[in-house]
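# Reading the structure
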Amino acid sequence: MTSVIRVAIAGYGNLGRGAQAAIKQSPDMHLVGVFSRRDPASVTLIDDSVPVYSMDDIEKYKDDVDVLILCGGSKSDLPEQGPVLAGLFNIVDSFDTHAKIPEYFAALDAPAKKAGKIAMLSVGWDPGLFSINRLYGEAILPVGETYTFWGKGLSQGHSDAVRRVAGVKSGVQYTLPSETAMARVRSGEQPALSTREKHTRECYVVLEEGADAHTVREAIVTMPDYFADYDTTVHFIDQQTFEREHRKMPHGGFVIRSGVSGIDNEQHNQVLEFSLNLGSNPEFTSSVLVAYARAAYKMNVAGETGAKTVLDVAPSLLSPKSPAQLRKELL
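An account of the accompanying structure is given in this report. (Residues numbered from 1 in each chain as written. Predicted model: local features only at pLDDT ≥ 70, side-chain atom pairs only at ≥ 80, totals over all residues. Heavy atoms only, no water.)

A separate point is the overall build of the protein. A tally of regular secondary structure across the protein gives 11 helices and 14 strands. A globule of 331 residues ought to have a C-alpha radius of gyration of about 20 Å, and the protein, at 21 Å, matches this closely. Referenced to the eigenvectors of the C-alpha coordinate spread, the extents of the protein come out at roughly 60 × 60 × 35 Å. Counting only residues that meet the buried cut, the protein has 49% of its 331 residues in that class. (Helix = DSSP H or I, 4+ residues; strand = E, 2+ residues; numbered from the N terminus. Rg over C-alpha atoms; globule rule 2.2 N^0.38 Å. Buried < 20%, exposed > 50% of the residue type's maximum accessible area, 1.4 Å probe, protein only.)

Given below as structure tokens:
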């Protein structure tokens, strides 16, 4: 194991910028380069001492990178890039289309095992940290129900999906949790809530010139895996309003496990809750990616290969501190 982990970033949008900032806060890591599909000369980094390379040349650097952080979108970037890059590097990504995680896992597992690499997928806060807390809740309170609420906040994956709709010039999507539904869960009621009862979605869209608003709205609200199962409102606004009101990226959410302990007449309600309140969704997601990049590297050095998720990672592997330090300082 090297003393400093050599990390590279593939893709330099909001996640890529956040990853660069998080790596600068990690003394055990060094950013060796950024790979982009754009002309490298046109990419401006927050630290311009880091070289930018063409994505077309990425295979040339497979021996110079310990972990590659993939910062593309889940809609089309990661499904194309992930299986290819898993055959060259240890990779970490934030694939967040929950319904397609099993098939994406399989697509990464074979090339990663063949190459002797780790492919860490679906790393972030949901899927990611929320997934871990859902597992804790079910394991600790096996008799009960788990509830996940998102927002209020801007979803990167859903916003990316909106922007890929034909006729959309600019677009964002906000997820709003139902306060009524959360209050019922926190009370220990364990209600049966439909997808529509838990959240609504709001989209703010700037149309391309000549685009038809009705066509764009229908394409968004009927999109499977993203909007079809929710009450979705699409607001059409001008570019100035978009720039003024929709450039920040807050988010957050809650995982609540409502269960019971004890037996017969001696049962007690128990509620376990984990929450996040994020000033910047992409910067926080990137911070999670960087921590799991460290874990992916350690696991690979220990001889592990193949696709992995956050559910497969021991918490101590996320930290740059030694196990002895962690036992002394955190237990």
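Alright, that's what it looks like, and here's the rest.
Time to look at the sheet that holds strand S9 (residues 168-177). Pairing in this open sheet of 4 strands is mixed, and the strands run S8-S9-S10-S11 from one edge to the other. One side of each edge strand has no neighbouring strand; the edge strands of this open sheet are strand S8 (153-154) and strand S11 (231-236). Relative to S11, strand S10 (residues 199-207) is paired through 6 bridges, and the arrangement is parallel. Paired with Cys203 across the two strands is Val234, which belongs to S11. (Pairing = 2+ DSSP bridges.)

Let us now look at the packing of aromatic side chains. One pass over the full model with this rule turns up 8 aromatic pairs. Ring centres of Phe35 and Tyr53 lie 5.4 Å apart, and the angle between their planes is 35 degrees; on these two criteria the pair is classed as tilted. Of this pair, Phe35 sits in strand S2 (residues 29-36) while Tyr53 sits in strand S3 (residues 52-54), and the two are 18 residues apart along the sequence. Given a relative accessible area of 22%, Tyr53 falls into the partly exposed group. A ring pair is formed by Trp125 and Phe130, whose centres lie 5.3 Å apart and whose planes are at 80 degrees; its orientation type is edge-to-face. The same class applies to Trp125 as to Phe130, namely buried. Among the aromatic residues, those joined into a cluster by ring pairs are Phe35, Tyr53 and Tyr61. For Arg186, the ring lying beneath its charged end belongs to Phe254, and the centroid distance is 5.0 Å. (Phe/Tyr/Trp six-rings, centres within 6.5 Å; stacked < 30°, edge-to-face > 60°. Lys NZ or Arg CZ within 6 Å of the ring centre and 35° of its normal.)

Attention now moves to the packing of helix H1 (residues 14-24) against helix H10 (residues 281-301). At a minimum axis distance of 8 Å, the contact between H1 and H10 shows a crossing angle of 55 degrees. Between H1 and H10, the angle falls in the class oblique. Crossing of H1 over H10 shows right-handed handedness. Note on element contacts: H10 touches H1 through Pro282, Glu283, Thr285, Ser286, Ser287, Leu289 and Val290, opposite Asn14, Leu15, Gly18, Ala19, Ala22 and Ile23. In terms of residue class, the contact of H1 with H10 is made up of 7 nonpolar, 5 polar and 1 charged. (Axes fitted to C-alpha atoms, helices over the stretch in contact; angles between N-to-C directions. Parallel < 35°, antiparallel > 145°, perpendicular 65-115°, else oblique. Left-handed = near helix turned anticlockwise from the far one by under 90°. Contact = heavy atoms within 4.5 Å. Nonpolar A, V, L, I, M, F, W, Y, C, P; charged D, E, K, R; others polar.)

Examined against the element boundaries, Met249 turns out to sit in the loop between helix H9 (239-245) and strand S12 (251-261). The spatial distance from the C-alpha of Met249 to the C-alpha of Leu15 is 11 Å, given a sequence separation of 234 residues. When near neighbours in sequence (up to four residues on either side) are disregarded, Met249 contacts Asn14, Leu154, Gly279, Ser280, Asn281 and Pro282.

Our focus in this paragraph is unusual backbone geometry. Following Asp126, the chain continues to Pro127 via a peptide bond in cis, the omega torsion being 0 degrees. Looking at the element boundaries, Pro127 is found in the loop between strand S6 (118-120) and helix H4 (129-140). Even without being glycine, Ser122 reaches a positive phi, approximately 60 degrees. A relative accessible area of 4% places Ser122 in the buried class. For Asp225, which is not a glycine, the phi torsion comes out positive at approximately 75 degrees. Residue placement: Asp225 occurs in the loop between helix H8 (213-221) and S11. Accessibility expressed as a relative area gives 42% for Asp225, which makes it partly exposed.

The next subject is the pattern of salt bridges. Side-chain pairs of opposite charge can arise whenever the charged atoms involved come near each other. The final tally for this structure, using the stated rule, is 17 salt bridges. As a salt-bridge pair, Asp28 and Arg294 come within 2.6 Å of each other at their nearest N and O atoms. Within this pair, whereas Asp28 is found in the loop between H1 and S2, its partner Arg294 is found in helix H10, the two being separated by 266 residues in sequence. Exposure class is identical for Asp28 and Arg294. Each is buried. Lys113 is the salt-bridge partner of Asp109, the closest N and O atoms lying 3.1 Å from each other. With Asp109 and Lys113 both in helix H3 (residues 101-115), this residue pair falls 4 residues apart, about one helical turn. (Salt bridge = Lys/Arg side-chain N within 4 Å of Asp/Glu carboxyl O.)

Let's shift gears to the packing of helix H2 (residues 77-85) against H3. Two quantities define a packed helix pair, namely the angle between the helix axes and the distance between the axes. Between H2 and H3, the least distance of the axes is 8 Å, while the angle of their chain directions is 20 degrees. The angle between H2 and H3 places the two elements in the roughly parallel class. Seen from H2, the contacting residues are Leu78, Pro79, Gly82 and Pro83; seen from H3, they are Tyr104, Ala107, Leu108 and Pro111.

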